[in-house]
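Residue-level structure breakdown
The primary structure of each chain is shown beneath.
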Amino acid sequence: MRGDLSGRRAVVTGASSGIGAATARALAAAGATVVGGARRVERVRDLGKVAALELDVTNPASCEAFVEAAREHLGGFDVLVNAAGLGLGREPFDASSEVDERTVLETNVNGLIRLTRLCLPHLADGAHIVNLGSVAGRQAYPNGALYVTSKFAVRGFTYALREDLLGRPIRITTVDPGLVETEFSLVRFRGDSAKAQAVYEGLTPMRPDDIAECVLFALTRPPHVNVDEIVVKALAQSSGARIHRDSA
Ligand code: NAP
């Protein structure tokens, strides 16, 4: 049955919140056996049908231990969803710092690349890699240089990986969302909930489940079909920079 992931073994990073959590839940509901990773492992445990393992994608030793434990649990992998990621700040690049640069690029770029490299030897024939990019990885917007850079890199890596995997039975997809209401903005504004909430005011943002459905769509196409990219935005958003807000 299309949409049925019974017997599939999935690894989802960033499974403690937002898009990763919704995806891990959706995959489990579709019948997959799912391992979810994040630093806040107790929140992954709270998802219920998802095996929770601690993971810090910025830490090579943590990634190695995570992949080894996931392999012991699942035997091998049919699905890898790289959803762990973050943005920090909405200021002009002049306000950037060494710490922010390292954190954003280590998490969104190096972390995703590292996890993919470590999982690759354990991917079964017919496996599928899904990377969470962003509309920020397709078109720049002001005051988001580090995040924009990181998501352009995710798209570049995905394109390059597709070239290197050509001829192998492994599919690869990027899902590039616009505004999704998650904890993303709370993290980006360093815990300032008023600023975070303002991001979603005056429009109907997408929900994490909307993105999980896109992931599921890509995963459940017939094996000869590779959905390269899904770009999905809130109706009220035409680009990263342009959002129509209802005035109160
Ligand atoms: P979120 O609710 O803040 O979730 C981010 C997830 O990433 C959390 O599970 C977090 O887990 C994990 N994470 C962050 N740093 C990590 C690290 N060092 N090691 C392991 N896990 C880490 O945000 P979200 O919106 O769901 O974001 C998920 C992905 O979608 C990101 O790649 C983001 O760039 C992308 N995206 C989001 C939007 C949006 O509007 N929300 C739009 C386009 C793309 P822990 O903190 O527990 O480790």
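Up top is the structure.
To keep things clear, this report deals only with the structure shown in the data block.

Basis of the calculations
Residues numbered from 1 in each chain as written. Predicted model: local features only at pLDDT ≥ 70, side-chain atom pairs only at ≥ 80, totals over all residues. Heavy atoms only, no water. Helix = DSSP H or I, 4+ residues; strand = E, 2+ residues; numbered from the N terminus. Rg over C-alpha atoms; globule rule 2.2 N^0.38 Å. Buried < 20%, exposed > 50% of the residue type's maximum accessible area, 1.4 Å probe, protein only. Near = heavy atom within 4 Å. Polar contact = N/O pair within 3.5 Å; in protein donor to acceptor, adjacent residues only side chain to side chain. Areas by Shrake-Rupley, 256 points an atom, 1.4 Å probe, with all protein chains shown as cover. Pairing = 2+ DSSP bridges. Lys, Arg positive; Asp, Glu negative; His and termini not counted. Salt bridge = Lys/Arg side-chain N within 4 Å of Asp/Glu carboxyl O. Contact = heavy atoms within 4.5 Å. Phe/Tyr/Trp six-rings, centres within 6.5 Å; stacked < 30°, edge-to-face > 60°. Lys NZ or Arg CZ within 6 Å of the ring centre and 35° of its normal. Axes fitted to C-alpha atoms, helices over the stretch in contact; angles between N-to-C directions. Parallel < 35°, antiparallel > 145°, perpendicular 65-115°, else oblique. Left-handed = near helix turned anticlockwise from the far one by under 90°. Nonpolar A, V, L, I, M, F, W, Y, C, P; charged D, E, K, R; others polar.

**What to know about the overall build of the chain**
Helix and strand counts for the chain stand at eight helices and seven strands. Taking 248 residues into account, the globule formula puts the C-alpha radius of gyration at 18 Å, and the chain, at 17 Å, falls close to it. Judged by the C-alpha coordinates and their principal axes, the chain covers about 50 × 40 × 40 Å. Within the span of the chain, comprising 248 residues, buried residues form 52% of the whole.

**A word on the site of the ligand**
Around the ligand, 28 residues are found, and the nearest of them are S16, S17, R39, Y147 and T182. The contact in question runs from an oxygen atom of the ligand to an N or O atom on the side chain of S17, over 2.5 Å. In this structure, an oxygen atom belonging to the ligand sits 3.0 Å away from a side-chain N or O atom of K151. Protein contacts shield 96% of the accessible area of the ligand, which totals 880 Å² for the unbound molecule. Elements that contribute at least two residues to the shell around the ligand include exactly α1 (18–29) and α5 (145–165).

**Notes on the pairing of strand β7 (residues 229–232)**
A one-sided burial pattern is seen for β7, the buried positions being I230 and V232 and the unburied ones E229 and V231. Judged from the four bridges that link them, strand β6 (residues 170–177) and β7 form a sheet pairing that is parallel. Paired with D176 across the strands is V231, a residue of β7.

**Quick word on the side chain of R188**
Among the secondary structure elements, R188 is positioned in helix α6 (residues 184–188). In this structure, R188 is buried with no salt-bridge partner, the nearest side chain bearing the opposite charge being E91 at 8.2 Å. Excluding residues that lie within four positions of it along the chain, R188 makes contacts with G87, L88, G89, R90, Y141, G144 and Y147.

**Re the packing of aromatic side chains**
For the structure on display, the rule yields one aromatic pair. Positioned above the aromatic ring of F217, the side-chain terminus of R221 is 3.9 Å from the ring centre.

**Quick look at unusual backbone geometry**
In this structure, N143 takes a positive phi of about 65° despite not being glycine. Position of N143 among the secondary structure elements: in the loop between β5 (123–132) and α5.

**Quick look at the side chain of H128**
As for its position among the elements, H128 is in strand β5. Looking at H128, the relative accessible area reads 0%, which means it is buried.

**As for the packing of α1 against helix α8 (residues 208–219)**
Packing of α1 against α8 leaves a shortest axis separation of 8 Å and a crossing angle of 50°. Regarding the angle of α1 to α8, the classification is oblique. Considering only the axes of α1 and α8, their crossing is right-handed. Packed against α1, whose contacting residues are G18, I19, A22, T23, R25, A26 and L27, the element α8 presents P208, D209, I211, A212, V215, L216 and L219 at the interface. Across the contact of α1 with α8, the residue classes tally to ten nonpolar, two polar and two charged.

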